[in-house]
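Survey of secondary and tertiary structure
Read off the chains here:
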Amino acid sequence: MSVIVYTESENGKFKKNAFEVASYGHKVAQLLGTKVTALSINADKVEDLGKYGVDKVLAVKDAKLETFNAKVYASCIAQAAKKESAQVIILSSSADSKYLSGILAAMLNAGYVPNVVAAPESTSPFMVKRTAFSNKGFAHTEINADTKIIGVSNNSFGVVENTVSAQVETFEPNINDNDFGTKSVEVDKVVGKATIADADIVVSAGRGMKGPENWGMIEELADVLGAATACSKPVSDLGWRPHGEHVGQTGKPVASNLYIAIGISGAIQHLAGVSASKTKVVINNDPEAPFFKAADYGIVGDAFEVVPQLIEKLKVFKAQNA
Amino acid sequence: MKILVCISNVPDTTSKINFTEGDTKFDTNGVQFVINPNDEFGLTRAMWFKEKQDALVHVATVGGPQTEATIRKALAIGADEAIRINSEPVDGFFVARQLAEVVKNGGYDLVIAGRESIDYNGGMVPGILATLLDMNFVNTCTNLEIEGKEVKAEREIDGGVEKISTSLPLVIGGQKGLVEESDLRIPNMRGIMMARKKALNVVEPIDAPINTKDKKFEKPAPKGQVKLVDAGNIQELIDLLHNEAKVI
Ligand SMILES: Cc1cc2nc3c(=O)[nH]c(=O)nc-3n(C[C@H](O)[C@H](O)[C@H](O)COP(=O)(O)OP(=O)(O)OC[C@H]3O[C@@H](n4cnc5c(N)ncnc54)[C@H](O)[C@@H]3O)c2cc1C
Ligand SMILES: Nc1ncnc2c1ncn2[C@@H]1O[C@H](COP(=O)(O)O)[C@@H](O)[C@H]1O
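Residues numbered from 1 in each chain as written. Chains lettered and ligands numbered in written order. Predicted model: local features only at pLDDT ≥ 70, side-chain atom pairs only at ≥ 80, totals over all residues. Heavy atoms only, no water.

Side chains that are three or four residues apart share a direction in an α-helix, a result of its 3.6 residues per turn. Residue and element names in this part refer to chain A. Between its first and last C-alpha atoms helix H2 (residues 70-83) spans 20 Å; for 14 residues at 1.5 Å apiece the expected length is 20 Å, and the two agree. Looking at H2, one finds that the buried residues are Ala70, Val72, Tyr73, Ala74, Ser75, Cys76, Ile77, Ala78, Ala80 and Ala81. Buried residues in H2 make contact with strand S1 (2-7), strand S4 (35-41), strand S5 (56-60), strand S6 (86-91) and helix H3 (95-108). In the stretch just after H2, Ser85 is the one whose phi turns positive, near 45°. (Helix = DSSP H or I, 4+ residues; strand = E, 2+ residues; numbered from the N terminus. Expected span 1.5 Å × (residues − 1). Buried < 20%, exposed > 50% of the residue type's maximum accessible area, 1.4 Å probe, protein only. Contact = heavy atoms within 4.5 Å.)

Geometrically, a packed helix pair is captured by the angle between its two axes and the distance between the axes. Residues and elements named next belong to chain A. Close contact between helix H4 (residues 216-225) and helix H7 (residues 303-321) brings their axes to 10 Å; oriented N to C, the two are set at 20°. On the basis of their axis angle, the class for H4 and H7 is roughly parallel. Where H4 crosses over H7, the two elements pack in a sense that is left-handed. In contact with Met217, Glu220, Leu221, Val224 and Leu225 of H4, H7 contributes Ala303, Phe304, Val307, Pro308, Leu310, Ile311, Leu314, Lys315 and Lys318. (Axes fitted to C-alpha atoms, helices over the stretch in contact; angles between N-to-C directions. Parallel < 35°, antiparallel > 145°, perpendicular 65-115°, else oblique. Left-handed = near helix turned anticlockwise from the far one by under 90°.)

What follows deals with the packing of aromatic side chains. Tallied over the full model, the rule gives 15 aromatic pairs over all chains. Judged by centre distance (4.7 Å) and plane angle (25°), the ring pair of Phe133 of chain A and Phe26 of chain B falls under stacked. Of this pair, Phe133 of chain A sits in the loop between strand S9 (126-132) and strand S10 (137-143) while Phe26 of chain B is found in strand S4 (residues 25-26), placing the two residues in two different chains. Each member of the pair, Phe133 of chain A as well as Phe26 of chain B, carries the same accessibility label: buried. Measuring from ring centre to ring centre gives 6.2 Å for Phe133 of chain A and Phe217 of chain B, while their planes differ by 65°; the resulting arrangement is edge-to-face. (Phe/Tyr/Trp six-rings, centres within 6.5 Å; stacked < 30°, edge-to-face > 60°.)

With that settled, the discussion passes to the pattern of salt bridges. Residue and element names in this part refer to chain A. According to the stated counting rule, one finds 32 salt bridges over all chains in the structure shown. Its salt-bridge partner being Glu220, residue Lys315 comes within 2.9 Å of it at the nearest N-O pair. Placement of Lys315 in helix H7 and of Glu220 in helix H4 is noted, with a sequence separation of 95 residues between them. Among the residues examined, Glu220 registers a relative accessible area of 33% and is labelled partly exposed. Through salt bridges that share partners, Lys56, Lys83, Glu84 and Glu169 make up one connected network. (Salt bridge = Lys/Arg side-chain N within 4 Å of Asp/Glu carboxyl O.)

What follows concerns a nonpolar patch on the surface. Residue and element names in this part refer to chain B. Together, Met189, Ile192, Met193 and Met194 give the surface a local cluster of nonpolar side chains, amounting to about 360 Å² of exposed area. Considering the arrangement of structural elements, one finds Met189 in helix H5 (residues 189-197). Residue Met189 is classed as exposed on the basis of its relative accessible area of 56%. (Patch = residues over 30% accessible without salt bridge, like charges linked within 9 Å, V, L, I, M, F, W, Y side chains within 5 Å. Areas by Shrake-Rupley, 256 points an atom, 1.4 Å probe, with all protein chains shown as cover.)

Let us look at the interface of chain B and chain A. Tallying the contact residues gives 71 residues for chain B and 84 residues for chain A. Counting the contacts that link chain B with chain A gives ten salt bridges. Between Lys129 of chain A and Glu218 of chain B there is a salt bridge, with the nearest N and O atoms lying 3.5 Å from each other. At the junction of chain B and chain A, the tally comes to 42 residue pairs in polar contact (both at pLDDT 80 or more). Mapped onto the side of chain B that touches chain A, the elements with two or more residues apiece are helix H3 (92-106), helix H4 (125-133), strand S9 (136-147), strand S10 (150-157), strand S11 (160-167), strand S14 (212-218), strand S15 (227-228) and helix H6 (234-244) of chain B. Here the residues of the side of chain B that touches chain A sort into 30 nonpolar, 20 polar and 21 charged. (Polar contact = N/O pair within 3.5 Å; in protein donor to acceptor, adjacent residues only side chain to side chain. Nonpolar A, V, L, I, M, F, W, Y, C, P; charged D, E, K, R; others polar.)

The next thing to look at is the site of ligand 2. All names here are of chain B. Taken together, 20 residues are adjacent to ligand 2, and Cys6, Asp39, Val62, Ser117 and Gly123 come closest. Between Gly114 and ligand 2, the recorded distance is 2.9 Å, taken from a backbone N or O atom to an oxygen atom. Separating an oxygen atom of ligand 2 from a backbone N or O atom of Gly123 is a distance of 2.6 Å. For ligand 2, the protein covers 95% of the area, taking 470 Å² as the surface of the free molecule. Where the shell around ligand 2 is concerned, the elements lending two or more residues are strand S6 (56-62), H3, strand S8 (110-114) and H4. A per-element tally of the shell around ligand 2 places S6 first, with three residues. When grouped by side-chain class, the residues that make up the shell around ligand 2 number eleven nonpolar, seven polar and two charged. (Near = heavy atom within 4 Å.)

Residues and elements named next belong to chain A. When the terminal C-alpha atoms of H3 are compared, their 20 Å separation across 14 residues agrees well with the 20 Å that a helix rising 1.5 Å per residue should span. Maximal helix bending in H3 amounts to about 30°, located at Ser101. For H3, the tally of buried residues reaches twelve of 14 residues, placing the bulk of the element in the interior. Looking only at H3, the buried set comprises Ala95, Asp96, Ser97, Tyr99, Leu100, Ser101, Gly102, Ile103, Leu104, Ala105, Ala106 and Leu108. Asn109 sits one or two positions beyond H3 and adopts a positive phi of about 50°. (Bend = angle between axes of the 7 residues up to and from the residue.)

A few words now on the sheet that holds strand S17 (residues 279-284) of chain A. Through backbone hydrogen bonds, the strands of a sheet pair up, either in parallel or in antiparallel fashion. With parallel pairing, six strands are arranged side by side in an open sheet as S15(A)-S14(A)-S16(A)-S17(A)-S18(A)-S15(B). At either end of the open sheet lies a strand with only one pairing partner, and these are strand S15 (228-231) of chain A together with S15 of chain B. Where H7 of chain A meets the sheet, it contacts strand S16 (258-262), S17 and strand S18 (297-300) of chain A, and its direction lies at approximately 130° from that of S17 of chain A. Here H6 of chain B sits on the sheet in contact with S16, S17 and S18 of chain A together with S15 of chain B, set at roughly 175° to S18 of chain A. (Pairing = 2+ DSSP bridges.)

Fair warning: the whole summary comes from geometry, so function is off the table for now.
Next comes the structure, spelled out in structure tokens:
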């Protein structure tokens with residue numbers, strides 16, 4: 001019996017969420033009195049996972065797994081789970097992990113709970129707390145199936161160090177050519193920039209910016225902070241920004257440490273998608289804007305004056321604290 | 001081409017969320033139910049296939065009699081026929097098993113589901129369904145084109161878009177992007193009249209295990225007062241973020 005964590009990597013390098021699921025896995029293994037095994041696919045320096053409490057790494061290296069394929073990856077995780085007689089499997093909330101989670105659940109006849117925000121409340125019965133109703137509520141969910149899959153909400157558990165020495169084992173799962181029913185033709189992805197899914201800071205702007213030509217200062221602010229950029233729904237509907245930047249209940253969820261909302265009114269659908277962010281700053285020239293009620297810090301003022309000043313002051317701050 | 005659009009019946013996005021019966025149930029009092037937004041994009045895309053490529057479009061929902069108003073709406077938008085599996089949608093796996101039965105019996109080539117339901121946010125039905133049926137699967141699908149059995153699709157990934165080639169039979173988890181927001185349809189009078197004559201078949205659920213169960217709900221703790229910083233003193237905000245919130 002063990003706990004399996006699927007640790008995602010990109011170009012050989014672990015993603016931050018790999019360390020978060022490893023940390024979470026360590027906690028669950030403690031609760032169950034068992035060990036954590038990580039599955040890595042084409043990742044380098046896998047022994048680094050020991051820092052986050054991983055006892056053993058099943059390291060897969062296979063050219064066929066170069067590009068993500070949900071079914072094939074799910075099958076690798078299922079095989080690792082069987083090999084280790086895993087009772088609990090832990091995934092992140094990345095787009096890829098969410099893609100493969102349903103497939104994996106069906107393969108293992110498992111009980112799957114996504115968007116989990118804390119360590120299990122009890123292990124018998126197995127209960128976890130997760131967000132529901134687009135962050136307007138939480139559910140305490142019991143998993144009855146023998147195999148349990150937990151999707152950990154980004155940034156909710158955090159990366160926790162628990163150094164152990166990880167034993168590394170080469171793992172060669174069966175890769176079935178028939179599982180490649182969907183083929184990746186092209187990946188178009190921003191490189192070298194934080195994405196909404198994994199950024200610690202997200203700078204988001206709304207219709208208050210008046211037009212796409214004014215996004216220069218939003219991007220500059222994001223650059224200074226090493227943040228990802230996002231927007232409200234009308235902004236992407238109007239074509240001012242790409243659809244992938246739309247956050248909220250019907251867009252992407254945001255669970256960053258810091259969310260800065262500029263010229264966004266704070267409609268209920270927007271708030272639902274960003275409320276999991278830990279600290280929220282609102283810049284809006286209307287003191288009655290509903291977003292102020294959901295914010296930690298606020299500036300009532302004109303974005304066109306406030307944002308340039310904020311950029312200047314942050315540059316100085318960054319230079320001093322570098 | 002025969003298409004099944006899976007529709008979940010969810011509280012309207014403006015709904016206030018409350019719980020009842022000792023916080024064990026969602027309080028439907030005063031809540032307006034609608035077609036799940038992700039499914040609305042899928043349904044509209046299905047209408048395109050119907051009009052341009054002669055597809056037959058059915059819709060299915062797993063739910064009690066109270067969900068019929070929502071599926072009637074899908075019929076009014078233009079679906080040809082509806083199926084209601086007469087059971088509360090207890091968990092995603094259970095729902096997927098019910099839908100798999102419908103797909104098997106109906107011989108569908110394409111199943112359009114949503115990326116997630118905006119109520120319980122499970123995001124698992126389409127993936128489980130595809131796997132139970134051994135069909136191809138594209139999640140977070142933002143573009144879908146079909147010629148014969150060949151499929152070109154796009155999916156949203158973290159920080160970008162991936163182009164995918166695949167083939168029917170296929171299940172997608174769809175979302176915004178499948179069609180433009182402005183192309184979403186609202187039922188007109190004629191559609192509503194026609195919907196009354198269309199078949200709404202009620203079938204009984206098959207036996208299936210329940211793998212997960214929501215035992216209790218809670219609302220997020222109320223937010224404390226916002227700290228306002230004067231627009232003339234931006235440095236104060238930076239200090240607060242650095243020293244108090246410790247996020248920069
Ligand atoms: C089914 C459905 C789903 C939806 N899903 C989402 C979703 O997922 N995400 C989402 O964001 N929305 C969603 N919406 C839309 C939502 O209801 C709001 O319409 C939207 O969030 C408003 O965007 P906004 O705040 O950018 O624009 P507005 O509401 O127009 O607000 C602009 C704000 O900018 C401020 N402003 C103006 N000028 C300045 C200035 N110079 N400086 C500073 N501030 C200024 C104004 O005071 C105002 O508060 C959804 C709606 C529906 C019906
Ligand atoms: N009760 C249901 N009846 C029919 N389809 C459903 C139901 N629940 C979920 N679905 C479909 O599965 C998608 C994802 O839902 P979920 O896995 O519940 O987040 C939805 O967008 C629907 O297309």
